[in-house]
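Chain by chain, the residues:
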Amino acid sequence: MSLTSDFEISFFIFFGVISITSALFITRQKNVFYAAIGLVFLGISVAAMIALINVSYAFYSAFHILLYVGSTVVFLAISLVMFRGLNVKEVKIPWAPVVALVVGVFIFVDLLITFSGITPVSSLQAFSLQTLANDILQNYWFPAIILIIALLTTMIEAISLARRD
Amino acid sequence: MLLPYLGLVVGILIGSIGVYGLLNSKNIVRILLSSEIIFNSAILLVFSASAILGRVYLPIVFSIFAVSMGLVEVVVAFAAIILYYRNKDSLEVE
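Residues numbered from 1 in each chain as written. Chains lettered and ligands numbered in written order. Predicted model: local features only at pLDDT ≥ 70, side-chain atom pairs only at ≥ 80, totals over all residues. Heavy atoms only, no water.

J.: Any details on helix α3 (residues 58–79) of chain A? Residues and values, ideally.
T.: Across its 22 residues, α3 of chain A extends 30 Å between first and last C-alpha, which sits within 8% of the 32 Å expected from 1.5 Å per residue. At V69 of chain A, α3 of chain A shows its maximal kink, close to 30 degrees. Every buried residue of α3 of chain A is accounted for by Y60, S61, H64, Y68, V69, T72, V73, L76, A77 and S79 of chain A. Looking at the packing, one finds that the buried side of α3 of chain A touches α2 (32–53) of chain A together with α2 (28–53) and α3 (57–88) of chain B. (Helix = DSSP H or I, 4+ residues; strand = E, 2+ residues; numbered from the N terminus. Expected span 1.5 Å × (residues − 1). Bend = angle between axes of the 7 residues up to and from the residue. Buried < 20%, exposed > 50% of the residue type's maximum accessible area, 1.4 Å probe, protein only. Contact = heavy atoms within 4.5 Å.)

Dropping the structure here:
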């Protein structure tokens with residue numbers, strides 16, 4: 001195993017630990033504002049892990065930080081300031097960890113069955129922004145239009161919320 | 001080639017924590033935050049699985065649409081939460 005590969009695995013494990021810790025922090029934190037801040041760390045560590053999986057995915061990693069962390073999570077955190085009483089009343093549901101464990105085991109078994117007969121590809125093709133743009137404009141133009149309309153609706157909704165209509 | 005498999009494991013763990021948070025809370029904002037944890041885990045699983053299968057553009061296009069729709073979903077959900085808070089003066093789900 002090369003030195004670069006060792007570094008990549010070490011960084012991946014580091015960000016994996018951060019993401020798991022952030023997820024636990026979000027589910028255990030009593031103040032939801034701090035929980036929303038925890039989501040920033042989760043988003044950044046997931047973006048870093050995606051970039052580490054393969055360098056071809058680095059474009060999406062930047063997109064994830066810019067759009068998801070930069071707008072979604074910041075919007076959530078800032079909007080939470082509007083509320084009084086952000087502290088959460090704890091409810092103890094004894095079967096919740098069991099259901100979470102069952103879901104985890106189910107996804108694991110599902111992935112194990114899916115990938116058991118597949119030979120992994122050793123190297124991916126290089127990423128090209130032009131190919132991605134052509135792909136979206138030629139094959140996925142209809143979802144892109146729907147997305148543009150949805151984002152426009154969101155903007156109108158944000159204005160109407162700000163005006164308290 | 002180890003990293004995609006590690007990504008699958010981390011994705012499953014984060015997703016399980018998200019499901020736990022979703023079930024273990026009556027606060028409407030924490031339910032939204034837990035669903036965001038599951039969303040992040042799903043994105044990580046998609047990229048890990050795609051790296052094993054050798055796909056480059058398909059997961060990127062899928063995730064770009066998913067994250068953008070996630071932004072719309074958060075704003076719409078938050079508008080609903082604000083309305084709920086104005087009516088009930090509380091963030092607790094009954």
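J.: Account for the UniProt feature "transmembrane region" (unreviewed entry) in chain A, with residues named and values stated.
T.: Residue and element names in this part refer to chain A. As recorded in UniProt, the sites labelled "transmembrane region" (unreviewed entry) are residues 6–26, 33–59, 65–83, 95–120 and 140–162. Secondary structure content for residues 95–120 is 81% helix and 0% strand, while the C-alpha to C-alpha distance between its ends is 37 Å. The straight-line gap between the two end C-alpha atoms of residues 140–162 is 33 Å; of that span, 96% is helix and 0% is strand. (UniProt positions renumbered as here; feature names shortened; annotations may be inferred.)

J.: Give a detailed account of the packing of α2 of chain A against α2 of chain B, specifying residues and quantitative values.
T.: At their nearest, the axes of α2 of chain A and α2 of chain B sit 10 Å apart, and the two run at 5 degrees to each other. In terms of axis orientation, α2 of chain A runs roughly parallel to α2 of chain B. Seen from α2 of chain A, the contacting residues are V32, A35, A36, L39, L42, G43, V46, M49, I50 and I53 of chain A; seen from α2 of chain B, they are V29, R30, L33, E36, I37, N40, I43, L44, F47, S48 and A51 of chain B. Here the contact of α2 of chain A with α2 of chain B is composed, by residue class, of 16 nonpolar, three polar and two charged. (Axes fitted to C-alpha atoms, helices over the stretch in contact; angles between N-to-C directions. Parallel < 35°, antiparallel > 145°, perpendicular 65-115°, else oblique. Nonpolar A, V, L, I, M, F, W, Y, C, P; charged D, E, K, R; others polar.)

J.: Could you give me a rundown of the side chain of R30 of chain B, with the residues and numbers involved?
T.: One can find R30 of chain B in helix α2. Taking relative accessible area as the criterion, R30 of chain B reaches 2% and is therefore assigned buried. Reaching out from R30 of chain B, the side chain makes a polar contact with the backbone oxygen of T27 of chain A at a distance of 3.1 Å. (Polar contact = N/O pair within 3.5 Å; in protein donor to acceptor, adjacent residues only side chain to side chain.)

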